[in-house]
Amino acid sequence: MLTDQDVETLESILFAPGQGDEALDVFGLHGVVTASVVGPAPVSAERIHAIATGQPEAGGDAMPDEFGTLVSRLARTIQQELEQGQTLELPEPEDDDTAEEALENWCAGFTDTFLLDEDQWLGEDEETVGQLMTPILTLSNLFDDEAFQQARRDPKRLADYADAIPELLTDLYLHYHSP
């Protein structure tokens with residue numbers, strides 16, 4: 001898991017001058033890394049950096065070494081937890097007042113990663129994956145579709161969706177990674 005110092009390092013990278021307006025916070029980054037682990041194919045640290053900072057993917061030294069190291073460590077931790085049958089705990093802010101925003105940012109990061117390779121994620125089992133992804137897609141607040149907006153207006157459904165995410169992550173991981 002990441003230490004407080006690791007989180008501060010990641011935040012300084014994510015919010016460094018020159019990053020895109022679409023840069024994610026640490027919660028969004030965690031969503032991106034989680035999607036990389038549970039999805040059909042791993043996502044490179046460089047691509048994760050591009051998604052998280054809102055910058056185009058670039059080679060060379062565009063990504064700080066610390067970012068790659070910390071993202072790799074986070075990905076290994078998530079993968080180990082899933083392989084050991086543990087339920088993933090989503091990161092939570094220290095301030096309860098920002099919990100909803102943190103969850104939305106986590107879901108947005110996960111969704112951004114899903115959308116980049118949507119065809120690969122949906123593969124030959126679009127219905128199952130679509131059902132598993134619905135809570136995350138809804139909570140991301142990235143879609144204007146009436147069905148998503150209607151679900152977002154229902155506090156009970158939103159709470160149920162939020163509670164279901166850890167189990168859905170296990171189901172998605174098993175869908176793509178079990179024999």
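Okay, so let's go over this structure. (Residues numbered from 1 in each chain as written. Predicted model: local features only at pLDDT ≥ 70, side-chain atom pairs only at ≥ 80, totals over all residues. Heavy atoms only, no water.)

Some details on the overall build of the protein chain
The helix and strand inventory of the protein chain stands at nine helices and zero strands. Each helix and strand of the protein chain, ordered N terminal to C terminal, gives the series α-α-α-α-α-α-α-α-α. Taking 16 Å as the expected radius of gyration for a compact globule of 179 residues, we find that the protein chain reaches 16 Å, a close match to that expectation. In terms of overall dimensions, the protein chain has a C-alpha envelope of 40 × 40 × 30 Å along the principal axes. Evaluated residue by residue, the protein chain yields a buried proportion of 42% over its 179 residues. Across the protein chain, the fraction of contacts at a sequence separation of at least 24, relative to all contacts at a separation of at least 6, is 66%. Split by element, the accessible area of the protein chain, about 9800 Å² in all, is 45% carbon and sulfur. Positive and negative side-chain charges in the protein chain, numbering 7 and 39 respectively, have mean positions lying 4 Å apart. (Helix = DSSP H or I, 4+ residues; strand = E, 2+ residues; numbered from the N terminus. Rg over C-alpha atoms; globule rule 2.2 N^0.38 Å. Buried < 20%, exposed > 50% of the residue type's maximum accessible area, 1.4 Å probe, protein only. Contact = heavy atoms within 4.5 Å. Areas by Shrake-Rupley, 256 points an atom, 1.4 Å probe, with all protein chains shown as cover. Lys, Arg positive; Asp, Glu negative; His and termini not counted. Charge placed at Lys NZ, Arg CZ, Asp CG, Glu CD.)

A look at the pattern of salt bridges
Under the defined criterion, the tally for this structure stands at five salt bridges. Between Arg47 and Asp117 there is a salt bridge, and its shortest N-O distance comes to 3.0 Å. Taken as a pair, Arg47 in helix H3 (residues 45-53) and Asp117 in the loop between helix H5 (99-116) and helix H6 (118-122) lie far apart in primary sequence, 70 residues in all. Its relative accessible area of 23% is what places Arg47 among the partly exposed residues. (Salt bridge = Lys/Arg side-chain N within 4 Å of Asp/Glu carboxyl O.)

Brief notes about the packing of helix H2 (residues 26-38) against H3
Two packed helices can be described by the angle between their axes and the distance between those axes. Following both chains from N to C, one finds H2 and H3 inclined at 145°, their axes separated by 10 Å at the closest point. Crossing angle aside, the handedness with which H2 passes H3 is right-handed. Across from Leu29, Val32, Val33 and Ser36 in H2, the residues of H3 making contact are Ile48, Ile51 and Ala52. (Axes fitted to C-alpha atoms, helices over the stretch in contact; angles between N-to-C directions. Left-handed = near helix turned anticlockwise from the far one by under 90°.)

It is worth stressing that arrangement in space is one thing and function is another; only the former is reported here.
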